[in-house]
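Geometric and topological summary
Spelled out from the first residue to the last, the chains are:
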Amino acid sequence: NTYTNTYASGVAEVFAIFFGGFIINVCNAKWAFVISNSIALAGGLCILILGTALSSWMAFFVIIAKFGISSTYMLVYTVTIDVFPTLFAATAFGICNLIASFGTVITPYLA
């Protein structure tokens, strides 16, 4: 069901934001990124390897990957303020968003 999947995706994102805030307080930024990206990688590998064999679990695998990606995205906003001076933080966000948007545009052509 589309509505159930959207609801589960939103709930996963909310919990991911709280999880990202928790791990940034517990450990340093490097390990917080490693943990968040490892969760996203685990979800992605489950989709890639087990997706066809366990098609009924596909939504769960997507939620795991979404959780890791959302947590990492929250960490990017949190850590950028600490890494860059205030004057350059907005420029760093702008350049990263430009590159990400370009990547989003060319993805269908690469696939």
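See the structure above.
For clarity, every value in this text was computed on a predicted model and none was experimentally measured.

1. Here we look at the overall build of the protein
- Summing up its helical and strand segments, the protein has four helices and zero strands in all.
- Helices and strands appear in the protein in the N-to-C order α-α-α-α.
- Its C-alpha atoms put the protein at 50 × 40 × 25 Å along the principal axes.
- A total accessible area of about 7900 Å² is found for the protein, and carbon and sulfur atoms account for 75% of it.

2. Here we look at the packing of helix 1 (residues 2-26) against helix 2 (residues 29-50)
- With their axes 8 Å apart at the nearest point, helix 1 and helix 2 run at an angle of 145° to one another. Crossing angle aside, the handedness with which helix 1 passes helix 2 is right-handed. Counting all contacts with helix 1, which are made through Phe19, Ile23 and Ile24, the residues of helix 2 involved are Ala29, Ala32, Ile35, Ser36 and Ile39.
- A breakdown of the residues in the contact of helix 1 with helix 2 according to their chemical character gives seven nonpolar, one polar and no charged.

Rules behind the numbers
- Residues numbered from 1 in each chain as written.
- Predicted model: local features only at pLDDT ≥ 70, side-chain atom pairs only at ≥ 80, totals over all residues.
- Heavy atoms only, no water.
- Helix = DSSP H or I, 4+ residues; strand = E, 2+ residues; numbered from the N terminus.
- Areas by Shrake-Rupley, 256 points an atom, 1.4 Å probe, with all protein chains shown as cover.
- Axes fitted to C-alpha atoms, helices over the stretch in contact; angles between N-to-C directions.
- Left-handed = near helix turned anticlockwise from the far one by under 90°.
- Contact = heavy atoms within 4.5 Å.
- Nonpolar A, V, L, I, M, F, W, Y, C, P; charged D, E, K, R; others polar.

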